[in-house]
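One letter stands for each residue in the lines below.
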Protein chains: 2
Amino acid sequence: MRVSKLFTKTLKNSPADEVAKNAQLLIRAGYVYKEMAGVYAYLPLGLRVVEKIKQVVREEMNAIDSNELTMTGLQRKEVWEKTGRWDDKTVDVWFKTALQDGTVLGLGWSHEEPIVEMMKHYVSSYKDLPVSLYQFQTKMRNELRAKSGIMRGREFVMKDMYSFHSTKEDLDDYYNRSIEAYKRAYARLGLGDDTYVTFASGGAFTKFSHEFQTICDAGEDVIYLHREKNIAVNEEVIDDAVKELDISRDELEKVKTAEVGNIFNFGSQKTDEMGLYYTDSEGRRQSLYVGSYGIGITRVMGVIAEKMSDSKGLIWPDNIAPYKVYLVSIGENGSKKADEIYKRLTEEGIEVLYDDREERPGAKFADSELLGIPYRLTISDRSVENGQCEFTARKSGETLLIALDDVFTTLEKS
Amino acid sequence: MRVSKLFTKTLKNSPADEVAKNAQLLIRAGYVYKEMAGVYAYLPLGLRVVEKIKQVVREEMNAIDSNELTMTGLQRKEVWEKTGRWDDKTVDVWFKTALQDGTVLGLGWSHEEPIVEMMKHYVSSYKDLPVSLYQFQTKMRNELRAKSGIMRGREFVMKDMYSFHSTKEDLDDYYNRSIEAYKRAYARLGLGDDTYVTFASGGAFTKFSHEFQTICDAGEDVIYLHREKNIAVNEEVIDDAVKELDISRDELEKVKTAEVGNIFNFGSQKTDEMGLYYTDSEGRRQSLYVGSYGIGITRVMGVIAEKMSDSKGLIWPDNIAPYKVYLVSIGENGSKKADEIYKRLTEEGIEVLYDDREERPGAKFADSELLGIPYRLTISDRSVENGQCEFTARKSGETLLIALDDVFTTLEKS
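Below is a summary of the structure that appears in this document. Along each chain, residue indices are assigned from 1 in the same order as the chain's sequence is written. Following the order in which they are written, the chains are lettered starting with A and the ligands numbered starting with 1. With the structure being a predicted model, the display of local features is reserved for residues of pLDDT at least 70 and the display and counting of side-chain atom pairs for 80 or more, all residues being used for whole-chain, interface and lining totals. Hydrogen atoms and water are omitted, and side-chain values are computed over all heavy atoms in the structure.

A few points about the sheet that holds strand E23 (residues 399–403) of chain B
Residues and elements named next belong to chain B.
And then number 1: Read from one edge of the open sheet, five strands run E20-E19-E21-E22-E23, paired in mixed fashion. Whereas interior strands pair on both sides, the edge strands pair on one side only; in this sheet they are strand E20 (352–355) and E23. Direction aside, neighbouring strands of the sheet carry axes that sit 25° apart on average.
And then number 2: Only strands that DSSP links by at least two bridges are regarded as paired with each other. A run of H or I in DSSP counts as a helix once it spans at least four residues, and a run of E counts as a strand once it spans at least two, with each numbered from the N terminus. Relative to strand E21 (residues 375–380), strand E19 (residues 325–330) is paired through six bridges, and the arrangement is parallel. Bridging from a neighbouring strand, Val 328 pairs with Thr 378 of E21.
And then number 3: Here, residues are in contact when the closest pair of their heavy atoms is within 4.5 Å. For every element, the axis is a line fit to its C-alpha atoms; helices are fit only across the contacting stretch, and the angle between N-to-C directions ranges from 0 to 180 degrees. Sheet strands in contact with helix H9 (residues 332–347) are E19, E20 and E21, and its direction is about 155° off that of E19.

Right under this line is the structure:
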């Protein structure tokens, strides 16, 4: 992609009412556009990052035999009344709307009840189990406050997965496989080292559920961390957890975190309430065991923007950067050579953003840094004379002079 | 994918209130699930078709230098008030909702006004033009009636594109390039022969806009067709068009059609109303010229389901079928061989749905036909003995016996 063809521009300032660092950076770099508080459009560069995060998560969900589908945003009142969660007093983030005939509809803030309702059409026998489903869905949540940029949206992208099992053991087994799949996903997203599986408050069925919490100053949560034993506990269950896990409170470190995922063992409660059962091999009606597993896709993007950035701008991990290389041309001969290199990088399938504008080198460098593309190649008249170009890593800021002939091998190794 | 792992099942019946053939077939085959009238979830097979249609359209939009982004579903009242289109009397398909503080929001039934509003941040100079943007967006439209299955949804996927130009000539040029891109897209989607560019009612700026209408008995539109001259006219402008195009009404054939796309020349009206201008090379403020270009992605899927189906079920064109091959195993040795073939087809990147269930051959064949997968391979104990398998084309229904060794070359040629 040529920067000259990109309609977004880097901006000196973000909107005055934008207080979150992630959104300030993403707006300035042209990744997102703020429609209103908590509601952001994803511009071409931002959409590429979202799609890359989705693809990592998709691969890990497929690897544990889950099936991708897309549920609907518009939801029926009757379905949610079965579990008592239609009421705005019980669920305080509903957006509601109405058909022309006055029928009130909900906008999907979650899809647990609609998925269970739908599965009545597809699960009836033990032969239909286990089954796991997931989607990437635009959720709508009527948050009272939305001051955390894309880390807490009123409209945001979530991966939600649901699994259905005939026995508690089978659910437990899948639940544990999901924990491992989540760990692999966060590792690939560059958050592995700072992300902890935490003990969180459970439901009727289990004492604890699990959350994935990433250390992040801008996070809204607090966890207690036992680094040595690799134990992490959410604040709300700290008293119970200390007892249960036989650890002392003094050993725990209090850190600010952002919840990037959660997994929840529903047991049979929701399916029983909603009337979804299966028939076992002897023809008896049985309860199902259900798990629910979420990852906030756009929140993860926000957390990465918060954590992987400096005073100059964003610093994307290689796996989810919108482009791997930012190619800067300087001068006439530099531009001719850069055209060649751009063509060849594109042909080789290396994702490159080519700053072909007639701009000061300093402005190009500043944009490259603000955008956070992992590697910059600078080709100037002088470097062409010397048969060299500059290779700069965004993360370290280090610049090497490399031979023009070595561009491809250097990038392949990076 | 193994059929045994697919959670959907083919159903004998579709919901009693489902009157549209496209939805009846898609529900029975497990492609979609009806949440409510005009609101459908896309199950794994259906989602694959949607994504393939999107990919064809994406490639054609990228080929005319458009940039993909994603706008928001939640929309601001103020933005639509600028053109008078917030009022339910002017636009009768709004779904509206409200923030907790009472602020009323709209749910995106179109994105014309929000896109123009956003572009105030990115277009100011003639140097920023032309620019073209598109998205695949879930639109919400509060249709009074929704009886056409996925051909007229209250929630549906649309590709909408917008282009901004500094001169009328530049817009005209891009408008014509878009017509050609649309034609290529419909051809690749298998609808080329039956899809016509029609004269439709224009706006303040042009006498006519253009629609893409596909001949379809279940369509809600009527066009008048001059097959010889390749002229097609929408009913609402027939009187004007006959005069303008110098054709006689007697020469025209009246056919039922479904609108699968539309393109519209806004001229400067909307940008002027909303206050988006650019500065020309001499520093003068100038009006922009804007075009708007839509393709109903899920509607296209519905039209294809209507047109390409028979009493046995769906008949997907190769390009958008969820899988290319339906592999049927019969008997013990047949299954062993089919396992091998499945493995090899998967390794070769050929998309195959493997019916590995312990089911009667007749049931597997019936499912294969209902699902509409283009090619069926049947491997039975007997065929293994003979070193052969059955190769059946869904469209023609013809079956050939081919050598097991020739499976790959046969599929590659198909």
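Brief notes about the interface of chain B and chain A
And then number 1: On the side of chain A, 53 residues touch chain B, which itself brings 53 residues to the contact.
And then number 2: Taking both sides of the interface into account, the surface hidden between chain B and chain A amounts to around 4700 Å²; carbon and sulfur atoms contribute 62%.
And then number 3: Every case where a carboxyl oxygen of Asp or Glu lies within 4 Å of a side-chain nitrogen of Lys or Arg is listed as a salt bridge. The tally of links from chain B across to chain A stands at four salt bridges.
And then number 4: In the analysis that follows, any N or O atom pair within 3.5 Å is treated as a polar contact, provided that within protein one partner can donate a hydrogen and the other can accept it, and provided that, for residues neighboring in sequence, both atoms belong to side chains. The interface formed by chain B and chain A includes 20 residue pairs in polar contact (both at pLDDT 80 or more).
And then number 5: Each residue is assigned to one class: nonpolar for Ala, Val, Leu, Ile, Met, Phe, Trp, Tyr, Cys and Pro, charged for Asp, Glu, Lys and Arg, and polar for all the others, Gly among them. Grouping the constituent residues of the side of chain B that touches chain A by class yields 30 nonpolar, eleven polar and twelve charged. Put simply, buried area is how much 1.4 Å-probe accessible surface two parts lose in total, over both of them, once they are put together.

Side note on the sheet that holds strand E4 (residues 74–76) of chain A
Residues and elements named next belong to chain A.
And then number 1: A sheet is described by the order of its strands in space; here three strands give the open sequence E4-E6-E5, paired in antiparallel fashion. Each edge of the sheet is formed by a strand with only one pairing partner; in this case those strands are E4 and strand E5 (95–98). Across the sheet, the axes of successive neighbouring strands diverge by a mean angle of 45°, strand direction being ignored.
And then number 2: Bridge analysis of E5 against strand E6 (residues 104–107) gives four bridges, and the strand direction is antiparallel. If you follow Phe 95 over to E6, its bridge partner there is Leu 107.

Remarks on the side chain of B:Glu306
Residue and element names in this part refer to chain B.
And then number 1: One can find Glu 306 in helix H8 (residues 297–307).
And then number 2: Buried and unpaired, Glu 306 has Lys 21 as its nearest opposite-charge partner, separated by 4.4 Å.
And then number 3: Sequence-distant contacts of Glu 306, defined by excluding residues within four places in its chain, comprise Ala 20, Lys 21, Asn 22, Met 151, Cys 216 and Ala 218. For each residue, the accessible area found with a 1.4 Å probe, counting protein chains only, is set against the maximum for its type, and the residue is called buried under 20%, exposed over 50%, and partly exposed in between. Here Asp and Glu are counted as negative and Lys and Arg as positive; His is not counted, and neither are the chain ends.

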